[in-house]
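Chain residues, written in single-letter form:
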Amino acid sequence: MTGSVHRRQQRAAWIFAAPVLGIIALVFVLPTLLALALSVTDYSIYALADWSNLRFVGFGNFADLLATPLFWRALRNTAIFAGLGVPMAIGTSLATALLLHDATVRWKPVWRVALFAPYVTGIVATAVVWRFVLNTRFGLLNWALAQVGVAPVDWLGDPRWSIPAILLFVTWKVFGYNMIVFTAALAAVPGELMEAARLDGAGAWTRFRHVTLPAIGPTLLLAAVMSVAGFLQLFAEPYVMTLGGPSQSTVTVLYFMFDEGFKWWNLGQASAVAFVLFVLILGVTLVQTRIGRRYEWL
Amino acid sequence: MGGRAHDPRTTRRSLIAMGAGGLTAAALATTGCLRRHDPAALTFWGTGYEGDYSPHLAAAFTTATGIPVETQSLPGTAAHEKFLTAHAGGSLPDVMMLPSGWVAEFAMIGAVAPLPDPALATDTFHGVMRPLTFAGVPHAIPWSVGSQVQFYRRDLLGEVGYDAAPLTWDGWRDVGAKLKRRHPDRFAILMFLNWWDTLITFAGQAGAYPLRDRDTRGDFRNPRYREALAFYVSLFADGYAPGVSSNEIQDPLAAFAQGYFALYPSGPTLLTDLHRRAAEIAPDRWGTARMPGPNGPGRVSAINNSIAVSATTPRPREAWALARHLTSAASELTFQRMIGSLPARRSAWTSPQLADPLLRPFAAQMELPAELPIIVEWERIRLEVQIVAERVVRGGLTIDEGLAAMDARVDAILARRRELVAAGRIA
Amino acid sequence: MAVTRRRLRTVAMNLAVAALALVTLAPFAWMVTVSFMPRYESSRYPPPIWPSRWTWENYYELLVRRVIDGAVFDYRIVPALGNSLLIATVSTLLGLLLTVPAGYAFAKLRFRGRERLLQLLVAALVVPGQVSMLPLFLLFRELRLVNSYAGVILPGLAGIFAILFVRQATLSIPDEMIDAARLDGAGEMRIFRTIVLPLLAPVTVTLALFLFLGSWNDFLWPLIVLADQHRYTLPVAVAAISREHAADGELMMAAAVVTTLPVLLLFLALQRYYIGGLLGGSVKG
């Protein structure tokens, strides 16, 4: 009896799962393995012209990468993006979640929808809008700054301000998602503990530090680590807004890979970059599992 | 959310059903009335103004032959990757406009077909066909020649004692200094840090060829190139030119018209813009002259475009007919009227519409393009050299460090070519 | 005293939230007003917030196929809209068809290799999608899928996240219900259709929304795979225009409106499901 039930389940399971697993194998597993293979060849435009030009180069692509100044620049830019962006994004999400969580705020669903709206819209259209908002002369941001007496900033033309400019846009775009995640986490903070702390005379900051923060800690860290992985994959914003400039100050690892791969057709080199990106994100995820285990969350 | 009169599951289900149904209906409806890609039409891809206005020329072709043509205008900054991925994916258009520097590269990878009849490309200027020839066979027809000249403000130069634009580097520096003294908050020369044409012009003027050893190594440290780079950097260092990239000056023509710049190196299409916006700057206030060289005018950067036919087009005869039409003298003159691009066809230059004195500097430069390497990697080298030049201008590198960086970078880019040349696999 | 302090705090908090919402929505509002301004009006200092006169000319130029002297000028935005709609709809429907049963299978069906496959799926989440993009292009080239709708849709169907999402939701369905139905002699298909699917309805709607928005907003892969302007999706078409027309603020804002308006409307209509799906039922309202 149990045997045939299991056999039936087995058959049904394969009917249910096989199609999507097959697609995953075709468009994900296979190309990833191919990427590994490509990264040890010198596939370039010469190979596109003539297959016999293709050669195995082992770690040659990786060595070339290490000697390419733009690659290091891209790594540095990406690190700055993540290093500045994650606190900005997570901080904004947390602050807004706390704000919305306050008991005195009315019409919460309305505000939630308004603050979440940027997240659902696409990257290209909003990047185009923000390119205009950040315009030095005609943009809304510099106009608003001028109202409070700040001189106009050359957001997208000055290499020192280009990364903060893009981060302003990215923060605006993504903070809604984690705001919702933190809202859910805040709702799970044990109410009795809060009441007890309040009765004991603890101030708002102390309550936050000793009751709220430990309760949402795991969620906070998980969101931060996932956020880092997201920032490591920044591409569309530099592509639409700055073309990697000015002075290559917004070239990210993925932008570098795209240019190398599709603009110059150095697929061998580009696959090596993809592999490096993979290792970076793997590192981030390992950190995540380690932190998760420490908080006994996983 | 208040209570509901209905069972929530039914409401949800009907909502889902409606949503899915509505979306599917909308999708089918939209695609149903979409203008479908006409299989009988020839496809043509162009960039820039030529791409935008090619429908006009295509219309004339359709009227004459009855073959419909569909044109697509690609953004110039994305054209290289679009063409490459289209070739790799087998979806190149029948006919395409390529900057001349790309033709050899595309011929090597088998994307463009050789000319069926060499006579298609004989009626042109010396030096224009060289980049379009691969393995001894021409692979594209020259379409337009856009040499760089200087547009200058007669009135502003008159104020500082010049009745014509200076044709030497010393003259440019003199004008720059004088203008700067008169109007310290303005500039003299409009050059963008992310545009490579002016530096190439200076290198051409100085007679510096950028590569050596059969185009497998950089030669940027030779004294002639050094001279060109030093002059280029000095213009920024002394404040005669603003150290900005093209997206910081939204409207360069307006800046030129308002007198913020007195010298504006540019190509022939600027003529059309200036004529169109004559209200902002009257025609008698500006003129054109050849670009200055160390000892007078010489070779300049030229942005030449050519027409090529895909090697995999299913209809080569019609595609070549379209190519022939687009590069006919009549079409090229039409374009000159519409957008200012100058014909590559020598016989078109006898037309009275090209007798305008403003076009004389262009005509003089047609025969003198800067000698540039015809290799696959040149596009990339050009961009990277300009990036290093930008860093030198912004103060991150000295001139010698910059030249060394250029050589190092170019040697790295050419590594593969070096190996293939050494193995005798390419010329 | 305490009452006034509390009243003050309420006012202050609500004002703060309102201000925040205003700042967040300001770019959208400006996007809409600029799109209705006459040409070149926004290229002035100080930048105008309100159009001097409301005009449709930017939308006209963007959307309408104009014929001038026999020559056709077309930004091809309406076809791009249609393409996006078609691709997003097909992606969503196919995506649901593929991942919902799979998610259920991983949650409730016992089969050999389930745990191992699950581990592999979770591990696969680590690998960024862009790693496979270059070889995927070469692969699709062999399969002649480049520059086709199928080529755009197919990679989006590898919904690892969707499978895990559905699995998570399905785990909460009590096993007893399903086992009871099995004992009654119902086949697995029947159990799935009559018992599980209705229970998964809200999750399905949320997932459908995620899939639709994900496909609609997808940019990098369509950019690589589509060469033909006729097949461009909306983000790719807008990106192409934005390169050459950076200075045409009004035109670009009109394009942005056309791209974001459908999404915002869809989101407004179904925000309960989207935000509710993320909240996981832990917050009321």
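The shown structure was predicted, so the numbers you read here are calculated from the model rather than taken from an experiment.

Some points on the environment of Gly267 of chain B
All names here are of chain B.
Right, so step 1: Looking at the element boundaries, Gly267 is found in the loop between β10 (263-266) and α10 (269-276).
Right, so step 2: Taking C-alpha positions, Gly267 is 24 Å from Phe44, a pair spaced 223 residues apart along the chain.
Right, so step 3: Residues within four places of Gly267 in sequence aside, it is in contact with Ser147, Phe151 and Phe362.

Here's the deal with the domain arrangement of chain B
Residue and element names in this part refer to chain B.
Right, so step 1: Domain assignment breaks chain B into domain 1 (12-146 + 303-355) and domain 2 (149-300 + 372-421).
Right, so step 2: Domain 1 and domain 2 are separated by 30 Å when their C-alpha centres are compared.
Right, so step 3: Of the residues lining the interface, 17 residues belong to domain 1; the matching set on domain 2 comes to 10 residues.
Right, so step 4: Taken together, the connections running from domain 1 to domain 2 amount to 0 salt bridges.
Right, so step 5: Contributions of two or more residues to the side of domain 1 that touches domain 2 are made by α2 (48-65), α4 (100-108) and α12 (329-339).
Right, so step 6: When residues of the side of domain 1 that touches domain 2 are assigned to their parent elements, the largest contribution, 4 residues, is made by α4.
Right, so step 7: The residue makeup of the side of domain 1 that touches domain 2, split by class, is 11 nonpolar, 4 polar and 2 charged.

Quick notes on unusual backbone geometry
Right, so step 1: The phi torsion at Ala135 of chain B lies on the positive side, around 55 degrees, for a residue other than glycine.
Right, so step 2: Not every positive phi belongs to a glycine, and Asn147 of chain C is a case in point at roughly 60 degrees.

Examining the domain arrangement of chain C
Residue and element names in this part refer to chain C.
Right, so step 1: If you check the domain split of chain C, you get domain 1 (15-73) and domain 2 (77-279).
Right, so step 2: Taking the mean C-alpha position of each, domain 1 and domain 2 sit 31 Å from one another.
Right, so step 3: Contact with domain 1, which involves 17 residues of that partner, is made by 16 residues of domain 2.
Right, so step 4: Counting the surface domain 1 buries against domain 2, the share from its top three residues, Met31, Leu62 and Leu63, is 43%.
Right, so step 5: The tally of links from domain 1 across to domain 2 stands at 0 residue pairs in polar contact (both at pLDDT 80 or more).
Right, so step 6: Looking at the side of domain 1 that touches domain 2, its residues break down into 10 nonpolar, 4 polar and 3 charged.

Considerations on the side chain of Ser39 of chain A
All names here are of chain A.
Right, so step 1: Looking at the element boundaries, Ser39 is found in helix α1 (residues 2-39).
Right, so step 2: Only 2.7 Å separates the side chain of Ser39 from the backbone oxygen of Leu36, close enough to count as a polar contact.
Right, so step 3: Not counting the four nearest positions on each side in its chain, Ser39 is found in contact with Gly58, Asn61, Phe62, Gly268, Ser271 and Ala272.

Definitions and cut-offs
- Residues numbered from 1 in each chain as written.
- Chains lettered and ligands numbered in written order.
- Predicted model: local features only at pLDDT ≥ 70, side-chain atom pairs only at ≥ 80, totals over all residues.
- Heavy atoms only, no water.
- Helix = DSSP H or I, 4+ residues; strand = E, 2+ residues; numbered from the N terminus.
- Contact = heavy atoms within 4.5 Å.
- Domains from an automatic or database assignment.
- Salt bridge = Lys/Arg side-chain N within 4 Å of Asp/Glu carboxyl O.
- Nonpolar A, V, L, I, M, F, W, Y, C, P; charged D, E, K, R; others polar.
- Buried area = accessible area lost by both parts, 1.4 Å probe.
- Polar contact = N/O pair within 3.5 Å; in protein donor to acceptor, adjacent residues only side chain to side chain.

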